Structures are given as C-alpha cells and as structure tokens.
Amino acid sequence: MIRILQLWLIGMTLPFVLRTILVYGFGIDVPEMVWLWKELIIGGLLVGSLWLVVFGRKRRSGINRISSMKELFADKFLLTMIGLLLTLLILSAILAFGVHDQLLREWIVFIKYDIIPRIVLLTGYIVVRLQWWYERLAKTMQTIISVLLVVGIARRGLSVWLPDLLVSLGYSMDAYQWSEWFAPPVRYLTQVRWGYIRNGSIFGGPTSWGFFLIAFAPWYIWRWSQMVANGSKWWHMVFWIVLLTVNVGLTFSRAAWGVFLVELLLVLVVHFLVRRFAGTNFLAWSKKYAKKSSLAAGACSTPATGVDLANTCRTPATTNSYSSVWCSVVSLFVAVWLWMIATIGLIRVAWPVDVPQAADRDQGVLMRDLSDKGHVELLIEWIQKVWQSPRTGYGVASVWPGAYRAEDGENTIVYHPENQYIQILMEVGIIGFVLWVALWVAVGRNGIRRRNGRNSDGTYLLLGAVWLGIVWLVLHSMMESMSIYPWMLMMGARLGYATKQYQE
C-alpha cells in the first residue's frame, strides 16, 4: 500500500499537464472517466485496508495498530468524521432530490468536491493506523514539492524564451486565462499592458499553484529545518525557502503573496516560542546538540516502534538551544528579505507580451479594478441570495465552479461566487454549512490534541490549512484536487501516525 500511496501522490501533480498534452497536444479523445483514476485508487485503498482489518489482521508484538473492526470503530475521531460525512451526504441528497428536484449528476459533482476530499483524509488516516508509513510518505511529499519548485522556474523560462515548445505540447498562445474545455494559455497574464507573466507551473493556473504552495509552505519549511537538525547544511534550507518564495512571487497572486508572508512570519514566531519556552529538540542546528538531544530522548521509544524521537521527547533547554534559536531566526529573516527583494524585482522587470484581444482589461499588479470592484459588488448580491433561502440554499453544484460540471441542469445559477463559504451556504444552506465547517473543526481539534509536542509537523500542516481557509474568502481551493487531495492525504496520515504515538 505504501508504494501505491507514494505513486498516487506523484500522480496527483500530473493530471492537468497530462490532460493538456493528450487532449490538445496529441488530439486524443480521452473519456472523462479516465480522470477519476485518483478517486478510484483512494476507494480501492480504503476498501483494501478495511478488508485487512476484517479478515484476520493480526497484531504484531510491541506495535500498537488496529487489528479488528472493534478497535477501528472505537476511534472517536474516526466515528466523528464518518458521522458528519454521512449526515452531510444524507442532507445534500434530501435537498437535491426532495427540495430542488435536481439531477443525479449534480449530486455526484457535489460528492466529488465536498465529500471525496474527506474520504482521502480518512484513507490516509486508516492506512497509517495499520502501518508505520508516515515518514516515508512525508519524504515523498517533500521531494515532490522540491521537484515542482524547480519545474515552476523552468516552466516560467519556457513561457518567456521557448513558448513554441509549450505550444507543441498543447498549450495556446491565443489565450491569456484558462477556461474549461479549451487549451490552457502558454502565458497567464496579470497586467497585459506591462506584460507580467503569471506562472502556474504544471498546475491548472497561477491560483492552483498558489493554493498548493500556501497549503504546504509551513510544513515544507519545517521539514527542511528537521533535515538541518540532522546534519544538513543550513544554506540548503535557505536555498529551498528562497526557491519557494520566488515561486510564490511568480504566481502574481495577491492572496498568495499576503498569506505566504504571514506564514513565514508565523513559522518564525512558532520556531522561536517552541525553542524559548518549551525547550524541545527543535531546529538543533549544531550536530553536537542534535546528537546530545537524541541520546537524551532515547528512553522515549524503541527502534521497533519507529516513533520519531524529535516529535515525542523533550529535552532541557541548553546554551546551544538559545544559539540555535538565533541561527534559525536569522536564516528565516534572510529568506523573508530575499523573498521581498525577489518580488519587487519581478514587479519591476517584465517581458513584453502581445495579447491584443486582452488589451481592454484593466488589470494591475496590485490594484485590479475588474477583480476588486467585482468582488465587492457581487458579494452583496451573494449575501442577499443566501438570505432569501438560508435553510435549503439553491441546491448542490448550483453555482460555479462546481456548476460548470452540470451547467445544463434546470436549477443552475451561472455565476461564480469566488468565495468558498458563500458557495457552500448557497448549495446546502445553513445546516449543511455547519456540517461542512464541523468536518474541518474535527480535523483541527484532533490535530491539536495529537500534536505530541508543539514541534509536530501536524502543527505546520494545520497552519497551512488555516491560511488556506482565509484564502477561501476570495477563492476556491477546495475545487482544486491537485492541491487539496495531497494535503488531505498527508493530514490524515499525520493524524493516524500521531494517534499511535499518543497511545504509546
């Protein structure tokens, strides 16, 4: 199963670019069902895991893992998630078929966007509760992010200097924004009059790439800090943080810029507070201190359990701990300033791009009349519509972006809220919205309770989720499977791993 999960994580970064190459590059008519491979794999892994539990899964000596259905359903977090999911599923079906007289296709679209992501989380949780695989998944995810950061820079270079190569792969020079059912553009533009080219890497666009980076940035930085604690050079961490920040800058997404800057500052604060007040073995930049801390923590676990010593044990604060605090603070401070310099440089230096059909769009780098005024004006309209039908909403997948999957439905409202919370309120009403939020609260609550020390990487996964939730005020990352599915799997796996650590 671990190999399947690792390949699944890698494959989650490829659907958009593969679809572009196959459909628009080679002209192959690929059935839509083919792109459900990721959901089918998750379903298969979930069923396979339950099969192992039901039919003779034996407990190994010294390892605390699920070996029966009784143990599985004694897990309060698992029962809470399943109960909330089933309730939301039943409510959405009642609203769709009993109240709004919608089609089955519209309900399936709702399941894909709002139910399956939670199933991905539960799959990661259950699979890791059966095995000690979290660290291998974490290393795979860290490698994927590093590769994507390099690919992001390469994609930007190709869009500027070798656009014909991307055109030959199926991208379009006639478009400047991506639209469903059309070839994506070679160059995503923020301000066509000045020619700022937005970078979407191999994702569905700059905002999709921004969602992914925001979700994983705190966790990714923390992973590199742990590698430094284990002997890697400190400048390796700085290099990857700078590469991360440059990629965020190249999205030209104001939401990504603001959130990422706050994330960096919060990671700095958390690093400092953990080391200053908790005395944990965190960011031990000196090899000597790292070795001393590991020896001191040796009694906390045995090699057989595979428990991460750095996450479960605490050591007294030492003189070296205070020096490592300032080393981490200075390194991250340098990274923040390099990010600011790189962003300013990207704004000042632009490559001219001729897109005549878009010349009438007044889109600036920081001030964007079309976007800003539209958000304010339509937000009032959306609130009014929610107020008109607060209890039952307007039906599942009734507004964009989910509506484009079922836009020929009789009750479809063809406009885009660009607000995740307003969208859910309009689709399933207040009760459905409360259930939807409760699913996130359950994950956050369990993540905090099972953090096993403030330096747990679960803390940084949750930090990414919190700021992703803030971005939902103007965007829809929940509709981006390439960013939300990997996060769901990693968070579920982390919760499963932390639960076993907690029981130990």
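Since this is a predicted model, take the numbers as computed values, not measurements.

### Focus on the side chain of Gln-423
Structurally, the position occupied by Gln-423 is in helix α16 (residues 420-449). If we skip the residues at most four places from it in the chain, Gln-423 touches Val-399, Trp-400, Pro-401, Pro-417, His-476 and Met-479.

### Points about the environment of Arg-254
Assignment of secondary structure puts Arg-254 in helix α11 (residues 254-278). Look at Arg-254 and you get partly exposed, because its relative accessible area is 27%. Residues Arg-254 and Gly-210, spaced 44 residues apart in sequence, show a C-alpha to C-alpha distance of 9.9 Å.

### Notes on the packing of helix α1 (residues 2-11) against helix α7 (residues 134-161)
As a packed pair, α1 and α7 sit with axes 10 Å apart at the nearest point and diverge in direction by 20°. By the angle class used here, α1 and α7 are roughly parallel. When you trace α1 past α7, the crossing you get is right-handed. Of the residues in α7, those in contact with Ile-2, Arg-3, Leu-5, Gln-6, Leu-9 and Ile-10 of α1 are Arg-136, Leu-137, Thr-140, Met-141 and Ile-144.

### Some remarks on the nonpolar core
By size, the foremost hydrophobic cluster in this structure holds 117 residues, and its most contacted members are Phe-216, Trp-219, Trp-487 and Met-490. At 14 residues, the largest contribution of residues to this core is made by helix α9 (residues 206-229). The contacts of Met-490, once residues within four sequence positions are left out, are Leu-9, Tyr-134, Leu-137, Ala-138, Met-141, Phe-216, Trp-219 and Leu-461.

### Details of the packing of helix α5 (residues 76-99) against α16
Closest axis-to-axis distance for the α5/α16 pair is 10 Å, and the angle between their directions is 165°. Here α5 is positioned roughly antiparallel relative to α16, judged by the angle of their axes. Judged by the twist between their axes, the crossing of α5 over α16 is left-handed. Only Val-428, Ile-431, Gly-432, Leu-435, Ala-438, Leu-439, Ala-442, Val-443 and Asn-446 of α16 make contact with α5, whose side of the interface consists of Phe-77, Thr-80, Met-81, Leu-84, Leu-85, Thr-87, Leu-88, Leu-91, Ser-92 and Leu-95. Here the residues of the contact of α5 with α16 sort into 14 nonpolar, 5 polar and no charged.

### A word on the packing of aromatic side chains
Summed over all chains, the structure comprises 20 aromatic pairs. Ring geometry for Trp-209 and Phe-212: centres 6.0 Å apart, planes at 15°, overall stacked. With Trp-209 and Phe-212 both in helix α9, this residue pair falls 3 residues apart, about one helical turn. Since its relative accessible area comes to 1%, Phe-212 is described here as buried. Both rings, one in Phe-212 and one in Phe-216, keep their centres 5.2 Å apart while their planes meet at 50°; by these two values the pair is tilted.

### Considering the confidence of the model for the chain
Predicted confidence across the chain gives a mean pLDDT of 76, with 71% of residues reaching 70 or more. With pLDDT under 50 throughout, residues 278-326 is counted as low confidence; its partners more than four residues away or in other chains account for 94 contacts. With pLDDT under 50 throughout, residues 347-362 is counted as low confidence; its partners more than four residues away or in other chains account for 34 contacts.

### With respect to helix α18 (residues 481-503)
Given a rise of 1.5 Å per residue, 23 residues ought to cover 33 Å, and the 32 Å separating the end C-alpha atoms of α18 matches this to within 8%. The buried fraction of α18 amounts to 21 of the 23 residues, a majority that puts the element mostly inside the structure.

Conventions used here
- Residues numbered from 1 in each chain as written.
- Predicted model: local features only at pLDDT ≥ 70, side-chain atom pairs only at ≥ 80, totals over all residues.
- Heavy atoms only, no water.
- Helix = DSSP H or I, 4+ residues; strand = E, 2+ residues; numbered from the N terminus.
- Contact = heavy atoms within 4.5 Å.
- Buried < 20%, exposed > 50% of the residue type's maximum accessible area, 1.4 Å probe, protein only.
- Axes fitted to C-alpha atoms, helices over the stretch in contact; angles between N-to-C directions.
- Parallel < 35°, antiparallel > 145°, perpendicular 65-115°, else oblique.
- Left-handed = near helix turned anticlockwise from the far one by under 90°.
- Core = buried A, V, L, I, M, F, W, Y, C linked by side-chain atoms within 4.5 Å.
- Nonpolar A, V, L, I, M, F, W, Y, C, P; charged D, E, K, R; others polar.
- Phe/Tyr/Trp six-rings, centres within 6.5 Å; stacked < 30°, edge-to-face > 60°.
- pLDDT = per-residue confidence, 0-100.
- Expected span 1.5 Å × (residues − 1).

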